[in-house]
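Each chain, letter by letter, is given below.
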Amino acid sequence: MSTLLFYNFKGGVGKTTMSVIAADHFSRSGKKVLLVDLDAQASATLFFKNSYGDIQPKRSLYSSLQKESLKPSICHLDKNLDLIPSDWDMSLWNQSLEKLPQHDRNLVLKHFLEPLSQDYDYIILDVPPTLSTLVNNAVLASNFIVLVLQTQSSSYEGVLRTAQYLSQLRSDYNANFKLLGIVLYLVSKRANSDNSIAKEAKKTFGDAIFANSIYHRERVKRWANEGLTHKPNDVHDQRTHEMYSLFLKELIYRIGEDK
């Protein structure tokens, strides 16, 4: 079982879209997938609501994190795809952990996910764009992390700071999560600024940059608003899915499951 986290603590760089489409692609390839939406804004939850209709867990994620099990929060969306949806009350979780010792409060989520590890091939965690106890929990519960670099200068600086943050957290907890690399996201092939930042990122990070980048597609915006589609005769659906598929195949290779 692999627990994946797509991350950059700058917002609006495509982390949630990446998480949702990865969950969709893995599940359609026959893998059992659970996406856990940890963001109080619930963008991943809304994306899936637009795809599958109303989603109502027996118990909210926040309530389950106060109890003994996450299972009452799991919603079955498709044959191989499950979701733990988020809601506004997840904004209270950081505060609820303050009563725990500093070291222990960052390991709560890992404890809750361990009983689910035998049920899934992939657990994907979607987090808010912050540095917080919640994000610390997601990092330390993950096996593999992909940094998402939107080709803008602020996102580039965010990746540099995020890499430092992960290194410090790994050292503090003697954690064994693996940083799989950095994916260039929402790159415009025609924009000089995008190409300049992509070139600088490749110079700085070398082979850590994924060979397969994700480019801006209007189809992704439609999917977010109207739900995911896989229309065989729709060239825009086909091209967009193929772009993500190439990246995800490289991700699987970097994990070591396709060598």
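First, a word on scope: everything that follows refers to the structure included in this document.

Cut-off values and rules
Residues numbered from 1 in each chain as written. Predicted model: local features only at pLDDT ≥ 70, side-chain atom pairs only at ≥ 80, totals over all residues. Heavy atoms only, no water. Core = buried A, V, L, I, M, F, W, Y, C linked by side-chain atoms within 4.5 Å. Buried < 20%, exposed > 50% of the residue type's maximum accessible area, 1.4 Å probe, protein only. Contact = heavy atoms within 4.5 Å. Phe/Tyr/Trp six-rings, centres within 6.5 Å; stacked < 30°, edge-to-face > 60°. Helix = DSSP H or I, 4+ residues; strand = E, 2+ residues; numbered from the N terminus. Lys NZ or Arg CZ within 6 Å of the ring centre and 35° of its normal. Expected span 1.5 Å × (residues − 1). Pairing = 2+ DSSP bridges.

## What to know about the nonpolar core
- Ranked by internal contacts, the top residues of the largest apolar core, which has 47 residues, are Val36, Leu38, Trp93, Leu109, Leu113, Leu125 and Val139.
- Residues in contact with Trp93, not counting those within four places in the same chain, are Tyr62, Leu65, Gln66, Val108, Leu109, Leu134 and Asn137.
- Membership of the second largest hydrophobic core comes to 38 residues, among which are Ala23, Phe26, Leu77 and Leu180.

## Regarding the packing of aromatic side chains
- Applying the stated criterion across every chain, the model contains five aromatic pairs.
- Residues Tyr7 and Tyr165 carry aromatic rings whose centres are separated by 6.3 Å and whose planes lie at 55° to one another, so their mutual orientation is tilted. One end of the pair, Tyr7, is in strand S1 (residues 2-7); the other, Tyr165, is in helix H8 (residues 153-173), with 158 residues separating them in the sequence.
- Ring plane angle 45° and centroid distance 6.1 Å describe the contact between Phe48 and Tyr52, whose orientation is recorded as tilted. On the criterion of helical spacing, the pair formed by Phe48 and Tyr52 is a turn pair, its members being four residues apart in helix H2 (residues 43-52).
- Here the aromatic cluster, defined as three or more aromatic residues joined through ring pairs, consists of Phe6, Phe210 and Phe247.
- Taking the ring centre of Phe210 as reference, the NZ or CZ of Arg254 above it sits at 4.1 Å.

## A look at helix H1 (residues 15-28)
- Given a rise of 1.5 Å per residue, 14 residues ought to cover 20 Å, and the 20 Å separating the end C-alpha atoms of H1 matches this to within 8%.
- With 13 of 14 residues buried, H1 is to be regarded as a mostly interior element.

## Comments concerning the pairing of strand S5 (residues 122-126)
- In terms of residue burial, S5 counts as a mostly covered element, since five of its five residues are buried.
- The alternating pattern of S5 places Tyr122, Ile124 and Asp126 and Ile123 and Leu125 on opposite faces, both of which are buried.
- Pairing of S1 with S5, which is carried by four bridges, proceeds in the parallel orientation. Looking across to S5, one finds that Leu4 is bridged to Ile124.

## Some remarks on the environment of Glu114
- Mapping Glu114 onto the fold places it in the loop between helix H6 (108-113) and S5.
- Taking C-alpha positions, Glu114 is 8.8 Å from Ala141, a pair spaced 27 residues apart along the chain.

## Examining unusual backbone geometry
- Even without a glycine there, the phi angle at Ala42 is positive, about 60°.
- Unusually for a residue other than glycine, Asn174 sits at a positive phi of about 50°.
- The residue Asn174 is located in the loop between H8 and strand S7 (178-187) in this model.

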